[in-house]
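One letter stands for each residue in the lines below.
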Amino acid sequence: MSLPLSDPHTDFSWRIRVYYEDTDAGGVVFYANYLKFFERARTEWLRAAGIGQHALEQSDGAIFIVKSTSIDYHAPAKLDDELQLTVVVERLGRAGVDFVQQAWRIGDGEPVLMCTGRITVVCVGTDTFRPRGIPRQVLENIKAAVKA
């Protein structure tokens, strides 16, 4: 299975290294840590789209929170593996974004798919933590990043 680096649906990718702290006693990435990896990749994707989460909170009183996740594990990532995390917007709504994310082991021959996740985030107000519309400029930045 090839890493979709040139796939037009892959909006963004981010590389990380698996550290000892990411693994269990057997040297395999602890399953829940993929959620952390995907969170970092989405944060960097937002940053690359010109959206700073702290600035969003300060200027608009809005933050993105995870509403739901679904993860399929395909192969074990291990200590010192280099992973490439992909971020694809599957659906953009008025108040939320559905992402498909993957973790690929790279560096030693053909890339290998380790994990696929579907993550839904919603925009909420910091005062109520209830869903609200994504601020106009943020929505425009996301749309531009998806088209890029």
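A few points on the structure. (Residues numbered from 1 in each chain as written. Predicted model: local features only at pLDDT ≥ 70, side-chain atom pairs only at ≥ 80, totals over all residues. Heavy atoms only, no water.)

Section: the pattern of salt bridges
Point 1. Under the defined criterion, the tally for this structure stands at seven salt bridges.
Point 2. Where glutamate 39 meets arginine 42, a salt bridge forms, and the shortest distance between an N and an O atom there is 2.6 Å. Of this pair, glutamate 39 and arginine 42 both sit in helix H1 (residues 33–48), three residues apart, roughly one helical turn.
Point 3. On the accessibility criterion, glutamate 39 (35% relative accessible area) is partly exposed.
Point 4. In this structure arginine 42 comes out as buried when scored by relative accessible area, which is 7%.
Point 5. The salt bridge partner of arginine 105 is aspartate 81, with a shortest N-O separation of 3.8 Å. Of this pair, arginine 105 sits in strand E4 (residues 96–106) while aspartate 81 sits in the loop between strand E2 (62–73) and strand E3 (82–92), and the two are 24 residues apart along the sequence. (Salt bridge = Lys/Arg side-chain N within 4 Å of Asp/Glu carboxyl O. Helix = DSSP H or I, 4+ residues; strand = E, 2+ residues; numbered from the N terminus. Buried < 20%, exposed > 50% of the residue type's maximum accessible area, 1.4 Å probe, protein only.)

Quick notes on the sheet that holds strand E1 (residues 12–17)
Point 1. The strand order across the open sheet formed by five strands is E1-E3-E4-E5-E2, and the pairing between neighbours is antiparallel. Because the sheet does not close on itself, it has two edges, and the strands there are E1 and E2. Direction aside, neighbouring strands of the sheet carry axes that sit 25 degrees apart on average.
Point 2. Bridge analysis of E1 against E3 gives six bridges, and the strand direction is antiparallel. (Pairing = 2+ DSSP bridges. Axes fitted to C-alpha atoms, helices over the stretch in contact; angles between N-to-C directions.)

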